[in-house]
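# Summary of the model geometry
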Amino acid sequence: MTDATESAGAQAPAPHKHTVPEGPVERACKWACEAALLVMLVVIGTDIFTRWALNFSFQVSDEIGGYMLATITFLSLSVCQVNDTFHHVEIIQTRLSERARALSALFFDLLTFGFAALLLWHYIRLELSSWRFGERAPTYLETPLWFPRLVMAIGAAALCLAVLRTLAMHLRRLRSSPRSGT
Amino acid sequence: MTVELQFIIAMVLFLALLTAGMAVPFAIAVPAIIYLLMLGGLPALSGLGLMSWGSMNSFVLTCVPLFMFMAEILRISGLSSRIYGGLSKLVAPLPGGLLQTNIAGCAIFASVSGSSIATAASIGGVALPQLVSRNYDRRMSAGSLAAGGTLGILLPPSFGMIVYGSFTETSVPKLFMAGVIPGLIMTVFFMLYIGTHALLRPGVAPRERGPQSIAELLRAFADVLPFALLITGTLGGIYAGLVTTTEGATIGCLLAILLGAVFGKLTPRVFVEAMHNTVKFSGNILLIILTAYIFSYAISFAGVGEKVTAFVVGLSLNRLEFFFALFILYTVLGCLIESLGMIVITVPLIFPVLHSYGIDPIMFGVVLVLFVELGQISPPIGINLFVIQSIWDGKLNEVVLGTVPFHLIMFVVLALVIFWPDLALWLPQHMSGP
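As the structure is a computational prediction, the values presented were derived from the model and not from experiment.

Right, let's get into the overall build of chain A. A tally of helices and strands in chain A yields four helices and zero strands. The long-range share in chain A, meaning contacts at least 24 apart out of those at least 6 apart in sequence, stands at 75%. Here chain A displays about 8400 Å² of accessible surface, and carbon together with sulfur accounts for 67% of that area.

Following this line, the structure appears as structure tokens:
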């Protein structure tokens, strides 16, 4: 069984959804993602309009659109983690006791934290090297690449924090669940 | 340890984590990282940052959150209810009544949404209460909605095709257009089946009355009109080569906002809610894409793609046997892996083989999406089955049995596309632009 809340329009909650209230970090990330979505719409929309009406293109929509996508990708990670909106295959989970589910969630969170920490480490390295070598995008804007790439490190750091929060929640679940409960 | 064994360990770990219930993107990422570590130790991870940036700083993928935002605006502003209401007047007089409306509604919603789940949930949420209250056959009701929902990834726009296109550098607009004719054939076949079944067994669907006056007919057309405008505005420009896929998605979003405000219930509060949902849902899909790139990076690092190609070519299968082998593979995978996961895990392995069989990448994109569609209504994890089951009071068993005839129709469409690739390739060959 799969989490039935993948996409726009899904109305029913998944049977074993465990969320954590959004904190200031997740809220800030969400607003930044929404701002990126609006910027995408405005920049690409403006480019379509000027090309159609004035036969003129700013030639920045591809570049800015890509940066905004990266912003949404990396800053939405923590939002998805605390809201438990990532897909899950629940074929085994539905057959487990509450305690076993909490234990497995803890184990998965530990693995996820390891992955998030690894990403953070590599994204910081990339960020530092972009800064040190003064890398610039080979585009009209010649954007210094450390700036748009910053969202990768921030997003991975926010994900680490969000995983720690869900980990704490699953620990509480584990403590409160009966040893032989179903 | 041999490369083959390392690959098998990674795949077994992936399947184990996935079925055990780990979030799909992380169930892809963790084995990919372990695989990279087995292949080259810590230095093998050194490209992780640059690879992540390169894969997600992509203008092609920018259309994913935009199409998602468009579908969310349509759902949340009540326009999907409106289309069902209009279609129920226009299509329901056919034998099968509202069951026909389910398929037509799904086909139209699929044309503005890239996701099967969004399609099944949006139309199912509106349709099921009416179907139950009017004593429609429960299996047929659930089956038609679960199967109709799968049109979401065959008819453009399609997230499956966007992901396939971005992985294989195949033209996404051409992939979109390649899905149109097979999607329409499938819609017609679904409707023909429902009509025939309703004529043979009148108990499955009561006869519905069409519009009783010109005014009612015009009102029904007016309900369908916003979607017709949206489909024309979004896909028309892409087909004509006037705009890219992402620009088409932007136009779609702007039109959806306009139509939602004029014809629907789109208020500033609802608009903000649509943005919240878009961030949550697109974050999930984008992370699956990112982790799939990491998996793909590991596969290319190991050179597994070349080995798989050599192995498959060594089997000396003919084209038909190759498709049959794929059919077996995807039928098994469809029961184990969710749809996007199925694409991103298999494409890096299978795509290099296509050239040896002279299979057009665009045609293969359509075949792949059809395989994925089958997986979406295959137990035990077919996601559309659960979407429909979660919005009504029926048993999963009824949904599964209800989809069986639609499964068979999908096999027929799949066979048609394999035997007559022009069904998929004719439209892309006649479109303007890249």
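Looking now at the interface of chain A and chain B. On the side of chain B, 73 residues touch chain A, which itself brings 63 residues to the contact. Both faces considered, chain A and chain B share a buried interface measuring about 6000 Å² in area, 75% of it formed by carbon and sulfur atoms. Counting across the interface, chain A meets chain B through one salt bridge. Put simply, chain A and chain B have nine residue pairs in polar contact (both at pLDDT 80 or more) between them. Secondary structure elements with two or more residues in the side of chain A that touches chain B: helix H1 (24-53), helix H2 (61-83), helix H3 (98-132) and helix H4 (146-176) of chain A. For the side of chain A that touches chain B, the per-class residue count stands at 35 nonpolar, 19 polar and nine charged.

In terms of residue burial, helix H3 (residues 48-56) of chain B counts as a mostly covered element, since seven of its nine residues are buried. Residues of H3 of chain B that are buried include every one of Leu48, Gly49, Met51, Ser52, Trp53, Ser55 and Met56 of chain B, and no others. Contacts from the buried residues of H3 of chain B go to H2, H3 and H4 of chain A together with helix H2 (24-40) and helix H13 (268-302) of chain B.

The next subject is the packing of aromatic side chains. Residue and element names in this part refer to chain B. Taken as a whole, this structure holds 26 aromatic pairs over all chains when the rule is applied. Here Phe7 and Tyr35 contribute two aromatic rings whose centre-to-centre distance is 6.1 Å and whose plane-to-plane angle is 55°, an arrangement assigned as tilted. With a gap of 28 residues between them, Phe7 in helix H1 (residues 3-20) and Tyr35 in helix H2 connect regions that are remote in the sequence. Here the two residues Phe7 and Tyr35 agree in accessibility, since each one is buried.

Before going further, it helps to examine the pattern of salt bridges. Residue and element names in this part refer to chain B. If you walk through the whole model with that rule in mind, you get 13 salt bridges over all chains. Two residues, Arg134 and Glu208, come together in a salt bridge whose shortest N-O distance is 2.6 Å. You can see Arg134 sitting in the loop between helix H7 (116-133) and helix H8 (138-149) and its partner Glu208 sitting in the loop between helix H10 (172-200) and helix H11 (214-239), a full 74 residues away along the chain. Residue Arg138 pairs with Glu398 through a salt bridge whose shortest N-O separation is 3.3 Å. With a gap of 260 residues between them, Arg138 in helix H8 and Glu398 in helix H19 (residues 396-419) connect regions that are remote in the sequence.

All names here are of chain B. Contact pair H10 / helix H20 (residues 422-429): the axes reach a minimum separation of 7 Å and the direction vectors enclose 135°. As the angle between them shows, H10 and H20 are arranged oblique. Crossing of H10 over H20 shows right-handed handedness. Across the interface between the two elements, Lys174, Met177, Ala178, Val180, Ile181, Pro182 and Ile185 from H10 touch Leu423, Ala424, Trp426, Leu427 and Pro428 from H20. When its residues are assigned to classes, the contact of H10 with H20 shows eleven nonpolar, no polar and one charged.

All names here are of chain B. Here Thr403 shows up in helix H19. Note on Thr403: relative accessible area 1%, which makes it buried. Separated by 2.6 Å, the side chain of Thr403 and the backbone oxygen of Val400 make a polar contact. Sequence-distant contacts of Thr403, that is, excluding residues within four places in its chain, are made with Gly143, Ala146, Ile377 and Leu385.

Residues and elements named next belong to chain B. Grouped together as the largest cluster of nonpolar side chains are 215 residues, with contacts concentrated most on Phe69, Leu74, Ile162, Ile289, Phe322, Tyr330 and Phe364. Per-element accounting of this core gives the leading share, 19 residues, to H13. If near-sequence neighbours (up to four positions away) are discounted, Ile162 is found in contact with Val60, Leu61, Cys63, Val64, Phe67, Val172 and Phe176.

What we call a disulfide is simply a covalent bond connecting the sulfur atoms of a pair of cysteines. Residues and elements named next belong to chain B. Under the criterion given, the structure shown has zero disulfides over all chains. Its sulfur unpaired, Cys253 is 10 Å from the next cysteine sulfur, which belongs to Cys63. Cys253 sits in the buried class, given a relative accessible area of 0%.

All names here are of chain B. In this fold, Ala71 is placed in helix H4 (residues 63-76). The class for Ala71 is buried, based on a relative accessible area of 3%. As for Ala71 and Ser113, which are separated by 42 residues in sequence, their C-alpha atoms are 5.2 Å apart.

Before going further, it helps to examine the confidence of the model for chain A. For chain A, the mean per-residue pLDDT works out to 88, and 89% of the residues sit at or above 70. Confidence drops under pLDDT 50 across residues 1-15 of chain A; counting only partners more than four residues distant or on other chains, this segment forms 66 contacts.

Relative orientation of the contacting elements H2 of chain A and H3 of chain B amounts to 120°, with a least axis distance of 9 Å. Between H2 of chain A and H3 of chain B, the residues in contact are Gly66, Tyr67, Leu69, Ala70, Thr73 and Phe74 of chain A and Ser52, Trp53 and Met56 of chain B, respectively.

Three- or four-residue spacings in an α-helix give side chains the same orientation, since the helix completes a turn every 3.6 residues. All names here are of chain B. The end-to-end C-alpha distance of H19, which contains 24 residues, comes to 34 Å, matching closely the 34 Å that a straight helix rising 1.5 Å per residue would cover. Its maximal kink placed at Val404, H19 deviates by approximately 35°, while the proline Pro405 follows within four residues. Buried within H19 we find Val399, Val400, Gly402, Thr403, Phe406, His407, Ile409, Met410, Val413, Leu414, Val417 and Ile418.

Moving on, we get to a nonpolar patch on the surface. A grouping of Met1, Leu5, Ile8, Ile9 and Val12 of chain B is seen on the molecular surface, where their side chains present a nonpolar patch of about 480 Å² in accessible area. Note on placement: Met1 of chain B falls in the segment before H1.

Criteria and thresholds
- Residues numbered from 1 in each chain as written.
- Chains lettered and ligands numbered in written order.
- Predicted model: local features only at pLDDT ≥ 70, side-chain atom pairs only at ≥ 80, totals over all residues.
- Heavy atoms only, no water.
- Helix = DSSP H or I, 4+ residues; strand = E, 2+ residues; numbered from the N terminus.
- Contact = heavy atoms within 4.5 Å.
- Areas by Shrake-Rupley, 256 points an atom, 1.4 Å probe, with all protein chains shown as cover.
- Buried area = accessible area lost by both parts, 1.4 Å probe.
- Salt bridge = Lys/Arg side-chain N within 4 Å of Asp/Glu carboxyl O.
- Polar contact = N/O pair within 3.5 Å; in protein donor to acceptor, adjacent residues only side chain to side chain.
- Nonpolar A, V, L, I, M, F, W, Y, C, P; charged D, E, K, R; others polar.
- Buried < 20%, exposed > 50% of the residue type's maximum accessible area, 1.4 Å probe, protein only.
- Phe/Tyr/Trp six-rings, centres within 6.5 Å; stacked < 30°, edge-to-face > 60°.
- Axes fitted to C-alpha atoms, helices over the stretch in contact; angles between N-to-C directions.
- Parallel < 35°, antiparallel > 145°, perpendicular 65-115°, else oblique.
- Left-handed = near helix turned anticlockwise from the far one by under 90°.
- Core = buried A, V, L, I, M, F, W, Y, C linked by side-chain atoms within 4.5 Å.
- Disulfide = S-S within 2.5 Å.
- pLDDT = per-residue confidence, 0-100.
- Expected span 1.5 Å × (residues − 1).
- Bend = angle between axes of the 7 residues up to and from the residue.
- Patch = residues over 30% accessible without salt bridge, like charges linked within 9 Å, V, L, I, M, F, W, Y side chains within 5 Å.

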